[in-house]
Amino acid sequence: MGSDPERIQVLLPLPLSGPFDYLADGDMTLEAGDFVTVPLGKRSLQGVVWNMAPEQSDIAADKIKPVLARRDLPPLPRTLMQFIDWVASYTLSPPGAVLKIAVTVPRAFDRPKEKTLYRLSADLPEKLPEKLTRGRRAVVAAAIGDMPMELKTWAGLAAVGSGVVRGMVRAGQMVAVTVSGDPPYPEPDAKHAGPDLSPEQQKAAGHIRDMVQARIFKPVLLEGITGSGKTEVYFEAIAEALEMPGAQILVLVPEIALTAQWLTRFEQRFGAEPVVWHSGLTPAQRRRAWWAIIKGQAKERARVVVGARSALFLPFQDLKLIVVDEEHSATFKQEEGVIYQGRDMAVVRAMQASCPVILASATPSLETILNAESGKYDWLYLGERHGEALLPDMTAIDLRHHRTRTGTWLSDPLREALEKNLAQGEQSLLYLNRRGYAPLTLCRSCGHRMECPHCSAWLVEHRSNGRLVCHHCGFSCQPPRICPECQAEDSMAACGPGVERVAEEMHELFPEARIMVMASDEISSAAEMHAMISRIERHEVDFIIGTQIVTKGYHFPMLTLVGVVDADLGLSGGDPRAAERTWQQLEQVAGRAGRADRPGRVLFQTYDPGHPVLQALLSGDGQAFLLEEARAREQQMLPPFGKLAAIIISGRDYKPVVKCARHLAASAPKGCGIIVLGPVSAPMAFLKGNHRFRLLVKAEKQVRLQNILRDWLNRCPHGRGVIIQVDIDPYSFL
Ligand code: ADP
Ligand code: ZN
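Since we're looking at a predicted model, the values are computed, not measured.

**Student:** Talk me through the overall build of the chain; I want residue IDs and the actual numbers.
**Tutor:** Along its length, the chain carries 20 helices and 31 strands. Its C-alpha radius of gyration of 30 Å places the chain within 12% of the 27 Å reference for a compact globule of 734 residues. Taking all 734 residues of the chain together, the buried fraction comes to 51%. Sequence-distant contacts in the chain: of pairs separated by 6 or more residues, those separated by 24 or more amount to 75%. A total of about 33400 Å² of accessible surface is found on the chain, and carbon and sulfur atoms cover 51% of it. Distance between charge centres in the chain, computed from 84 positive and 84 negative side chains, equals 6 Å.

**Student:** Residue-level account of the side chain of Glu 629, with values.
**Tutor:** With respect to the helices, strands and loops of the structure, Glu 629 is situated in helix 18 (residues 622–635). In this structure, Glu 629 is buried with no salt-bridge partner, the nearest side chain bearing the opposite charge being Arg 633 at 4.3 Å. When residues no more than four places from it in sequence are discounted, the contact partners of Glu 629 are Leu 366, Pro 576, Ala 579 and Glu 580.

**Student:** Give me the lowdown on the environment of Ala 138, citing residues and values where you can.
**Tutor:** Considering the arrangement of structural elements, one finds Ala 138 in helix 4 (residues 134–141). Sequence-distant contacts of Ala 138, defined by excluding residues within four places in its chain, comprise Ala 158 and Val 160.

**Student:** Any chance you could break down the site of ligand 1 for me, citing the residues and the numbers?
**Tutor:** Near ligand 1 you find 16 residues, and of these Asp 196, Gln 201, Gly 227, Lys 230 and Arg 265 are the closest. In the model, a nitrogen atom of ligand 1 is placed 2.8 Å from a nitrogen or oxygen of the Asp 196 main chain. Thr 231 places a side-chain nitrogen or oxygen 2.9 Å from an oxygen atom of ligand 1. Protein chains shield 80% of the accessible area of ligand 1, which is 560 Å² for the free molecule. Broken down by element, the shell around ligand 1 gets its largest block of residues, 3 residues, from helix 8 (residues 230–242). When its residues are assigned to classes, the shell around ligand 1 shows 3 nonpolar, 8 polar and 5 charged.

**Student:** Run through the coordination of the zinc ion (ligand 2), naming residues and quoting values.
**Tutor:** At the metal site, the zinc ion (ligand 2) is ligated by Cys 452 (SG), Cys 455 (SG), Cys 470 (SG) and Cys 473 (SG), and these contacts range over 2.3 to 2.4 Å. One way to put it: the 4 donor atoms around the zinc ion (ligand 2) meet at angles of 106 to 115°, and that makes the site tetrahedral.

**Student:** An account of the domain arrangement of the chain is needed here, citing residue identities and associated values.
**Tutor:** With domains assigned, the chain is organised as domain 1 (6–102), domain 2 (114–180), domain 3 (199–382), domain 4 (393–434 + 497–631), domain 5 (437–496) and domain 6 (642–728). Centre-to-centre, using C-alpha coordinates, domain 3 lies 34 Å away from domain 6. Tallying the contact residues gives 4 residues for domain 3 and 5 residues for domain 6. Across the domain 3 to domain 6 interface the summed buried area is about 330 Å²; carbon plus sulfur atoms make up 32%. Taken together, the connections running from domain 3 to domain 6 amount to 2 salt bridges.

**Student:** If you had to explain the side chain of Lys 320 to someone new, which residues and values would you point to?
**Tutor:** Within the element layout of this structure, Lys 320 appears in strand 12 (residues 319–325). Polar contacts involving the side chain of Lys 320 include one to the side chain of Asp 318, which spans 2.5 Å. Excluding residues within four positions of it along the chain, Lys 320 makes contact with Arg 215, Ala 241, Met 244, Ala 247, Gln 248, Cys 355 and Pro 356.

**Student:** Go over the sheet that holds strand 8 (residues 218–224), please, and point to the residues and values.
**Tutor:** Strand order in the open sheet made by the 7 strands is 10-11-9-12-15-8-16, with parallel pairing throughout. The outermost strands of the open sheet, each flanked by one partner alone, are strand 10 (275–277) and strand 16 (378–382). Geometrically, the sheet is characterised by an average inter-axis angle of 20° between neighbouring strands, direction not taken into account. As paired elements, strand 9 (residues 248–252) and strand 12 share 5 bridges and run parallel to each other. In the strand pairing of strand 12, Val 251 is matched with Val 323. Packed onto the sheet, helix 8 meets strand 8, strand 9, strand 11 (304–307), strand 12, strand 15 (356–361) and strand 16 and runs at close to 170° relative to strand 12. Against the sheet, helix 9 (residues 259–270) makes contact with strand 9, strand 10, strand 11 and strand 12, and its axis sits at roughly 165° relative to strand 11, the strand it touches most.

**Student:** Describe the nonpolar core, and please don't skip the residues or the numbers.
**Tutor:** By size, the foremost hydrophobic cluster in this structure holds 92 residues, and its most contacted members are Leu 76, Ile 84, Leu 250, Phe 313, Ile 322, Met 518 and Phe 604. Every residue in contact with Leu 250, bar those within four places of it in the chain, is listed here: Val 305, Ala 311, Leu 312, Phe 316, Leu 319, Leu 321, Ile 322 and Val 323.

**Student:** Can you lay out the pattern of salt bridges for me, pointing to particular residues and giving the numbers?
**Tutor:** Two side chains bearing opposite charge may form a pair once their charged atoms approach each other closely. Under the definition given, this model contains 29 salt bridges. One salt bridge connects Glu 150 with Lys 152, and the closest N-O pair in it is separated by 3.1 Å. Judged by relative accessible area, Glu 150 falls into the partly exposed class, the value being 29%. For Asp 542, the salt bridge identified is with Arg 514, shortest N-O distance 2.9 Å. Within this pair, whereas Asp 542 is found in the loop between helix 15 (526–537) and strand 25 (543–546), its partner Arg 514 is found in the loop between helix 14 (499–509) and strand 24 (515–518), the two being separated by 28 residues in sequence. A single network of salt bridges, built from pairs that share partners, joins Arg 209, Glu 236, Glu 240 and Arg 269.

Rules behind the numbers
- The numbers attached to residues start from 1 for each chain and follow its sequence in the written order.
- By the order in which they are written, chains take letters starting at A while ligands take numbers starting at 1.
- The model is predicted, so local features are restricted to residues of pLDDT at least 70 and side-chain atom pairs to those at 80 or more, both for listing and for counting; the totals for chains, interfaces and linings are taken over all residues.
- No hydrogens and no water enter the side-chain calculation; it runs on all heavy atoms of the structure.
- Only DSSP runs of H or I covering at least 4 residues are called helices, and only runs of E covering at least 2 are called strands; the numbering of each starts at the N terminus.
- Two things to know: the radius of gyration comes from C-alpha atoms, and the globule rule equals 2.2 Å times the number of residues to the power 0.38.
- Summary of the burial criterion: residues with accessible area below 20% of their type's maximum are buried, those above 50% are exposed, and those between are partly exposed, where the area comes from a 1.4 Å probe applied to protein chains only.
- Residues are treated as being in contact if the distance between any of their heavy atoms lies within 4.5 Å.
- Each accessible area is a Shrake-Rupley result for a 1.4 Å probe, and residues are judged covered by the shown protein chains and nothing else.
- When charges are counted, Lys and Arg are positive and Asp and Glu negative, with His and the chain ends excluded.
- In plain terms, the charge of a residue is placed at NZ if it is Lys, CZ if Arg, CG if Asp and CD if Glu.
- When a carboxyl oxygen of Asp or Glu is within 4 Å of a side-chain nitrogen of Lys or Arg, the pair counts as a salt bridge.
- The cutoff for a nearby residue is simple: one of its non-hydrogen atoms must lie within 4 Å of the molecule or strand.
- For the purposes of these results, a polar contact is taken to be a pair of N or O atoms within 3.5 Å, where, inside protein, one atom must be able to donate a hydrogen and its partner to accept one; residues adjacent in sequence count only when each atom of the pair is a side-chain atom.
- Amino acids are sorted into nonpolar (Ala, Val, Leu, Ile, Met, Phe, Trp, Tyr, Cys and Pro), charged (Asp, Glu, Lys and Arg) and polar (every other residue, Gly among them).
- Ligating atoms shown are N, O and S within 2.8 Å of the metal, or 3.2 Å for Na, K and Ca, and water is not included, meaning a site may look less than complete.
- In short, tetrahedral needs four donors with all angles between 85 and 135 degrees, square planar needs four and octahedral six donors with opposite donors over 155 degrees apart and all other angles between 65 and 115, and whatever is left is irregular.
- For every domain, the bounds stem from an assignment made automatically or drawn from a database.
- Once two parts are brought into contact, the accessible area they lose, counted with a 1.4 Å probe and summed over both, makes up the buried area.
- DSSP bridges decide pairing: two strands pair if at least two such bridges lie between them.
- Interaxial angle, 0 to 180 degrees, is taken between N-to-C directions of lines fitted to C-alpha atoms, where a helix line uses only the stretch in contact.
- Nonpolar cores are built from buried Ala, Val, Leu, Ile, Met, Phe, Trp, Tyr and Cys residues. Side-chain atoms within 4.5 Å join them into one set.

Given below as C-alpha cells:
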C-alpha cells in the first residue's frame, strides 16, 4: 500500500501570484522540477513541482486537490528554477509568467517521435540458405555494415518492393529497432580548425581560457575595435569549455538574422553547427533543441546554443560559459510581458551557474564600461584590426554648407564619393535608420498629417507594398488620394526620407548600378537574410541602403565606403541613452567600412558637426565621450549611479487610467532615497488603442527598490481594465 499523500507546491505557467498547493499520492515519487498535470478550476493544466515541502499554508487540507499525473519528462534543472525565481522577483513579475517563457515550447513536451528502423537479424549468416529468394538475397547484399535503415531505404537500395523486406521481418530475418526521430546534433570539435592568433588576441584568449578552466563566476568585458577579432577570441573560450565532457555553452546574439555569417564561421572553426534558438523555429525544431539541451547523459547533450535572449530560459544541465555578443545592443531588452534586460540576466544566470560570462562589443554600454572600470568585471581590450586592415577615415559633411536640393537627401560630396567608389568597383553602404519611403504624409492644402487611429504616431509610407503603415501596432491603409480633413485632391505629400526613398534617389543617380535595400520589413526569414548577405559577399551588389539591421557584426571585404544619410537622427527625444545609443550605432555602421586590405572611408551628413557624438566619432575617442556621458548621468542620479524604474498605466478607457495614475502618485513612497516623478501622459499617449500614463521612480543605489515597489503597488488596487506594468531599468521612454 502506498504512503500518505503529501502536500506539495506546483507552479503553473500563468500570471498567478505564486505556486499552488496540491496533494501528491505517496506512490508518485515526485521531486522538485518534475512536470505534473494538475486540476485548476474545471481545467487540467501542466505545471512544475516547485516545492516538495512547503511551509504550512492556511489552506484547509480538504480544499487541496490531488496531482493528477506525473509526466514522463526530465525534471527542470534546479539552476533554471532558481533563475526563474530570481527574474520574477527582480522584475516584479509573477513567477508563473516567467516559467511560461521557459516552457512555452509548443509540443516540446511531447516525447520526441520515434522511428522504426530495420537491420538484418544477427543470426542470419548461418541461416542464409540457398532457398532464400533472389529478392531477399539482394536485400542482404544491400546492407551497409549493420546500420539500421528504414524499410523503404532497404527496398530502394536492393531494388525490390517493400513487400520483400516486410516478408523478411515476418520471417525473423530482419529485426526492428526503435530510435528517436530527432537525430542528435553533431558535436562541435574544439580542435577542428583553430586560427593563428595575433599576440594581442592570444593574450586575451589565454585570459578567458583560464577563466573557463577556473570554473568560477566572473564577468569579462571583451572590448575591441570593429574587426579586431573578438569573435575569434571568444571562440577560444568556447573551445576550452568544449574540452570539458558535457559542458554547455550559451551564446546570446542580439538578432538572430545576424547569425547567418556567424553560423558559417562557427562551423568553419568547430566543424559542426551549434543549436540555434529563436522565436522563428518550428515546433519540431524547438522540441529537438529542448530535448537535446536537457539530456542527462553528457555524451548525448547539445553543447553550444546560439540564440536570442529567450535562450537564457533553456534547461541547460551544465552551463560552463555564457557569451553575450554585441552586449550594448538594445535588442537584449524584452519590452513586453516579463520586461527584462537579457544582458543583465545573462550575468545573473552565469552567477548562479558559477561560470564566466563574456560581454563582447566594440562599443560597450556605459553600464558595462563602468563595471569594468571599477574592477567588478575583468577588462580585455583589442586595439588592432586583424591583418592589414586599418580603421576607416571619418569625415563630417556639414549640410548647412552642402545643401541638398528639395526632395533629395544626398549632398554633393557624398554623391561624388559614391560615384568614385562605384568606378573603382568597390561597394558602398548608405545608412539611414528609417524603414519605408517617408516617415510622414502631409496635406499640402491644410497641413493634415496622416496618423494611426490606434497610436500617437505618424503613418509611414511604404512604396514597396503601396501602403501607409503604423510601426507601433501594424495598422495599415491605402494612401488617400483625397485629404481626409479638407477633401483637397492630390494634395498628400511624402515628407522626409526612409530607405526606400534614398534608394529611389540612388536609382536615378546610378541607373546602371546594382542597388539593394536592407531593412527588417524587406526580409521575412533568416534564409532570405542569408541570401542577401551572400549576394553582397559575392559582390553582386554595388550599393546597399540599410537600416540598423546592417550595423550588426557583418564582414564585407569589398565594402569601403559608408555614408550616413542623417547622423543627427535619434539624438533628440527624452531618452537618457539617446546620445550613447546613436554613438554606438554610428560607430558600428562605420566599422563596416574597410575591414579587409582596402582602406575604408565614412562620411556623416549632419547639421550639427559640433555635437559630442559626432566629435567622438571623428576623433575616435569614444572613451572620453562615454566618461562625459557618465558624468551627466551621475549628476542626474540615473543608472548605473542610481536605480530607475518606470511604471506604465494603460487601458482602453481614459478615465480609470488617469484615476489609477493619480492614485498611485498620491500614495507614492516618500523620502528614503526615492523620488517619484509623474504621472505624465506618455510620449506614446495612445498605443494599440490604449491610453497610457507614466511614472518614473528614481532611487539611490542602496535602496531596496523592488521591495518598496511591491509594497506600494500592492497597496494600490488598480481599477477594472487598467493594466500596471513595471519596467525595471527602462530602456524605452515612449
Ligand atoms: P570583431 O568581432 O572584433 O568585429 P572578427 O572576429 O569578426 O572581429 O574578425 C574580423 C575578421 O578578421 C574576420 O573575418 C575574422 O575571421 C578575421 N580574423 C580575426 N582574427 C583572425 C586571426 N587570428 N586569424 C585569421 N583571421 C582572423
Ligand atoms: Zn498604430
